[in-house]
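These are the residues of each chain, in order.
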Amino acid sequence: MCGIVGYWNNQKNALPILIDSLKKLEYRGYDSFGFVTISDSKLYVERQIGKVSSVKCRDLPGIVGIGHTRWATHGKVTETNTHPHRDCTNTIAVVHNGIIENFQEIKSSLIEKGHRFLSETDTEILAHLIEEDLKFGMSLKNSVMKTGSLIKGRNAFVVLHALTKEIIAFRNGSPLIIGIKKDSNEIFLASDIQAFLDKTKEVMYLDDEELVLIKENPEFYDAKNGEKIEKRLISIAGEVEESQKGDYSHFMLKEIMDQKETIISAINQDDLEIMHVAKEINEAKGIFFIGCGTAARVCHFAEYVFSHIANKHINFITASEFENYKHFLLPETLVIAISQSGETADVLEALEVAKQKGSKIISVVNVSNSSMTKISDYSFLINAGVEKAVASTKATTSQMAITTLLAYACAGKLREGDRVLVDLAGKVNDMLNPRYSEHIKKLAQIIHKKENILIIGRGLNYPISLESAIKIMEVSYIHAQGFAGGELKHGPIALVEEGTPVIVLVGNENTGEVINNAIEVKSRGAYVIGIASKNNQAFDYWIKTPNTDEITTPIANLIPIQLLSFYLGILRGHDVDYPRSLAKSVTVK
Ligand code: M6R
């Protein structure tokens with residue numbers, strides 16, 4: 001959460017480049033944004049509430065600067081709490097990503113020393129800590145090192161000094177990448193490579209407990225002992241991936257439609273590698289699938305798929321709860337992380353626990369070179385292409401496809417898995433046509449004023465009912481809840497009133513029980529929406545899904561839910577790509 005950018009050069013005005021880079025990091029948080037540049041040894045600051053892409057910025061002079069897009073953690077969404085934050089002398093500016101867990105005690109001791117705080121943020125202590133050190137003649141580099149060692153939690157921060165015109169960045173737990181454009185003597189810095197990939201493909205990754213000092217050339221240091229370190233310049237291969245909306249009104253809609261191709265791209269993996277990982281899974285003593293939010297629902301789905309196809313028990317754990325299971329971890333245990341971003345803090349923390357226990361780690365991610373790929377023994381890329389909308393769609397179905405393929409590989413049926421998934425991909429391609437979207441839009445028009453939607457599914461469709469609820473809630477802000485069909489009579493059915501929309505996710509086998517559930521809620525007045533390959537008289541509204549293999553039906557069932565969520569959000573007047581209070585990448589706990 002929060003996006004950081006920096007720019008150093010010796011001729012061009014920094015602000016347009018900083019704005020352009022920050023726009024590409026908006027997915028990391030969009031409560032407010034700010035920039036600081038240097039001119040005539042003075043700091044020039046601009047801070048505003050809202051998204052950098054929708055607000056006009058005041059001009060700032062100077063060729064060196066840093067910027068930040070905020071997802072508020074400490075302190076409300078106000079201009080005063082917006083980064084950059086400065087010290088009392090107005091010579092040091094700081095932007096930060098993460099949470100400083102011990103900020104209160106540090107802040108109290110700085111206040112005792114006479115420092116004046118303007119914001120409620122944890123970040124502001126960084127500027128004052130550095131100010132305090134510089135007052136006693138410490139170098140900026142040594143002060144950043146000291147400050148980095150003092151703060152607890154997963155953090156990355158960048159400091160700009162008005163007099164020395166240096167940028168110093170420190171990383172411990174949150175990503176920072178440096179881009180170099182040698183011919184024009186430009187240096188870029190960001191929390192995500194996407195920020196500057198259109199300007200240079202020559203990059204250097206900062207690792208944990210390292211810092212980089214940017215002035216003419218970037219110099220890298222080990223933050224533990226201050227020793228200089230050499231970094232490899234990596235050339236990012238291939239074309240810069242486009243993440244434009246094209247003819248679509250929203251990224252979410254575009255990404256839903258991208259699923260015409262992404263399921264095929266996801267399963268386009270090296271057979272030998274799939275078989276190698278399948279062997280690791282088959283030989284492991286204990287397998288944990290971990291993830292957060294939608295990715296956790298994919299892990300839950302994987303639990304069912306491995307049970308059905310490979311006759312194998314895997315444990316699915318929400319990453320933030322993983323700590324409670326750490327006593328089961330052995331060196332022979334396998335932990336498989338599912339994550340679009342590869343940067344989710346709760347997942348990374350769980351993986352660190354697994355690493356300490358000597359367990360093997362595999363990650364299934366969409367963003368290459370992410371923190372999760374670095375910590376993993378083996379990493380799969382899901383090849384879904386950039387996913388920008390906060391609500392995950394194409395990454396989800398790609399993760400589901402790849403976990404399904406792995407389950408088939410574990411059962412020694414890789415070819416069958418390929419066949420079943422290729423068949424699904426073709427049917428999804430046919431399904432995503434304008435007529436289908438219109439039919440779902442019509443349903444959204446019928447139910448968009450409701451304040452409660454229930455979703456039921458059984459077996460493989462149960463995790464899909466939970467994911468459906470996440471999707472509907474995050475985009476439309478309608479309360480939605482998913483249930484196992486069999487659980488209805490144990491409580492949730494009490495929520496059904498005249499006209500309550502109940503979405504029934506129907507599989508392609510053993511459909512009887514879930515249809516009975518549909519009839520039960522209908523007799524209590526529910527407006528029953530059937531997502532199924534065949535119509536049924538219990539349905540008030542039928543959304544047809546293709547007749548696919550039983551294992552892949554849940555993936556197909558999720559697609560109309562994604563479209564429904566999108567249209568509900570639109571009809572309720574929301575910014576569906578950037579729902580309130582959320583961020584694409586959750587890098588704080
Ligand atoms: O990047 P990750 O897949 O690790 O993100 C995990 C969740 O934060 C994410 O899936 C979240 O639940 C989405 N907003 C769901 O659409």
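Per-chain numbering applies: the sequence of each chain, read as written, is numbered from 1 onward. The predicted origin of the model limits local features to residues at a pLDDT of at least 70 and limits the giving and counting of side-chain atom pairs to 80 or more, whereas totals for whole chains, interfaces and linings rest on all residues. Neither water nor hydrogens contribute to the side-chain values; these are computed over all heavy atoms in the structure.

A closer look at the packing of helix 13 (residues 434-447) against helix 16 (residues 553-571)
Logical step 1: The contact between helix 13 and helix 16 brings their axes to 9 Å, and the two run at 50°. When the interaxial angle is binned, helix 13 and helix 16 end up oblique. For the element pair helix 13 and helix 16, the recorded crossing hand is right-handed. The residues of helix 16 that touch helix 13, namely those facing Y436, S437, I440, K441, L443, A444, Q445 and I447, are P560, L563, L564, Y567, L568 and L571.
Logical step 2: The residue inventory of the contact of helix 13 with helix 16, partitioned by class, reads eleven nonpolar, two polar and one charged. Lines fitted to C-alpha atoms define the axes here, with helix axes fitted over just the stretch in contact, and angles between the N-to-C directions of these axes take values from 0 to 180 degrees. Going along the chain from the N terminus, every DSSP run of H or I of four or more residues is numbered as a helix, and every run of E of two or more is numbered as a strand. Roughly parallel means an angle under 35 degrees; roughly antiparallel means over 145; roughly perpendicular covers 65 to 115; every other angle is labelled oblique. Whether a crossing is left-handed or right-handed is set by the direction in which the near helix is turned from the far one by less than a right angle, anticlockwise for left-handed and clockwise for right-handed. Throughout, a contact is declared for two residues whenever any of their heavy atoms are within 4.5 Å. In the scheme used here, Gly and all other residues not listed as nonpolar or charged are polar, with Ala, Val, Leu, Ile, Met, Phe, Trp, Tyr, Cys and Pro taken as nonpolar and Asp, Glu, Lys and Arg as charged.

A word on the nonpolar core
Logical step 1: Formed by 87 residues in total, the largest nonpolar core has its most connected members in I281, F289, F306, I453, I503 and L563.
Logical step 2: Residue-level mapping places this core at the junction of two domains, with at least three residues from each of domain 2 (242-427) and domain 3 (433-589).
Logical step 3: When neighbours within four sequence positions are excluded, F289 is seen to be in contact with C299, A302, F306, I314, N315, F316, I317, I336, I338 and T403.
Logical step 4: Of all hydrophobic cores here, the second largest spans 26 residues; its members include L43, V45, L176 and I214. Residues belong to one nonpolar core when they are buried, are Ala, Val, Leu, Ile, Met, Phe, Trp, Tyr or Cys, and are joined through side-chain atoms within 4.5 Å. Relative accessible area decides the class of each residue, using a 1.4 Å probe on protein chains only: under 20% of the type maximum gives buried, over 50% gives exposed, and in between gives partly exposed. Delimitation of the domains relies on an automatic or database domain assignment.

Comments concerning the pattern of salt bridges
Logical step 1: We define a salt bridge as a side-chain nitrogen of Lys or Arg found within 4 Å of a carboxyl oxygen belonging to Asp or Glu. What the rule picks out here adds up to 31 salt bridges.
Logical step 2: One salt bridge in this structure joins K12 and E186, with 3.0 Å as the shortest N-O distance. Taken as a pair, K12 in the loop between strand 1 (3-8) and helix 1 (14-23) and E186 in strand 10 (residues 186-190) lie far apart in primary sequence, 174 residues in all.
Logical step 3: By relative accessible area, E186 is classed as buried at 2%.
Logical step 4: For the salt bridge of K135 with E132, the shortest nitrogen-to-oxygen distance reads 3.1 Å. Placement of the pair is K135 and E132 together in helix 3 (residues 124-135), with a separation of three residues, close to one helical turn.

Focus on the pairing of strand 12 (residues 210-215)
Logical step 1: Buried residues dominate strand 12, accounting for five of its six residues.
Logical step 2: DSSP-based pairing: two strands are paired if at least 2 bridges between them are found. The sheet contact formed by strand 12 and strand 13 (residues 217-222) spans six bridges and is antiparallel. Each residue of the ladder has a partner; that of V212, found in strand 13, is F220.
Logical step 3: In sequence, strand 12 turns back onto strand 13 through a hairpin of one residue, with E216 there showing a positive phi of about 60°.

Let's talk about helix 16
Residues that lie three or four places apart on an α-helix share one face, since the helix turns once every 3.6 residues.
Logical step 1: The length a helix should cover is 1.5 Å for every residue beyond the first. Its 19 residues place the ends of helix 16 28 Å apart at the C-alpha level, agreeing with the 27 Å of an ideal helix rising 1.5 Å per residue.
Logical step 2: Most of helix 16 sits out of view: 17 of its 19 residues are buried.
Logical step 3: Just downstream of helix 16 lies G573, where phi reads positive at about 75°.

Some points on the sheet that holds strand 11 (residues 202-206)
Logical step 1: The eight strands are arranged 3-2-4-1-10-9-11-15 in an open sheet whose pairing can be described as antiparallel. The open sheet has two edge strands with one neighbour each: strand 3 (42-49) and strand 15 (234-235).
Logical step 2: Summarising the sheet, strand 9 (residues 176-181) and strand 11 pair through four bridges and their orientation is antiparallel. Bridge pairing in strand 11 places G179 opposite V203.

Some remarks on the site of the ligand
Logical step 1: Around the ligand, 14 residues are found, and the nearest of them are S339, Q340, S341, T344 and E474.
Logical step 2: Between an oxygen atom of the ligand and a main-chain N or O atom of S392, the distance comes to 2.8 Å.
Logical step 3: Surface burial for the ligand is 90%, taken as the share of its 410 Å² of free accessible area covered by protein chains.
Logical step 4: When residues of the shell around the ligand are traced back to their parent elements, those giving at least two are helix 8 (293-310) and helix 14 (461-476).
Logical step 5: It is helix 8 that contributes the most residues to the shell around the ligand, three residues altogether. For this purpose, a residue is taken to be near a molecule or strand whenever a single non-hydrogen atom of the residue falls within 4 Å of it. Polar contact criterion, stated in full: a pair of N or O atoms within 3.5 Å, where within protein one must be able to donate a hydrogen and the other to accept it, and residues adjacent in sequence count only if both atoms are side-chain atoms. The protein chains shown are the only cover counted for residues, whose accessible areas, like all others here, come from Shrake-Rupley with a 1.4 Å probe.

Let's talk about the environment of G385
Logical step 1: Turning to its location among the elements, G385 is positioned in the loop between strand 20 (378-381) and helix 11 (394-410).
Logical step 2: For G385, a relative accessible area of 17% translates into the label buried.
Logical step 3: On a C-alpha basis, the gap between G385 and Y408 in space is 24 Å, while along the polypeptide they are 23 residues apart.

Focus: the sheet that holds strand 19 (residues 360-365)
Logical step 1: Within the open sheet, the five strands sit side by side as 17-16-18-19-20. Their pairing is parallel. Looking along the sheet, the strands with just one partner apiece sit at the ends: strand 17 (315-318) and strand 20. Strand-to-strand twist in this sheet, taken as the mean axis angle between neighbours without regard to direction, amounts to 20°.
Logical step 2: As judged from the four bridges shared by strand 16 (residues 287-291) and strand 18 (residues 334-339), these two strands associate in the parallel manner. When the sheet's bridge partners are listed, I287 is paired in strand 18 with L334.
Logical step 3: In the packing of helix 7 (residues 271-283) onto the sheet, contacts are made with strand 16, strand 18, strand 19 and strand 20, and the angle to strand 20 comes to roughly 130°.

Section: the side chain of N155
Logical step 1: Positionally, N155 belongs in strand 7 (residues 155-161).
Logical step 2: Taking relative accessible area as the criterion, N155 reaches 1% and is therefore assigned buried.
Logical step 3: A polar atom in the side chain of N155 sits 3.2 Å from the backbone nitrogen of I99.
Logical step 4: Once you skip the residues sitting within four places of it in the chain, N155 turns out to touch H96, N97, G98, I99, I100, F170, R171, N172, G173 and S174.

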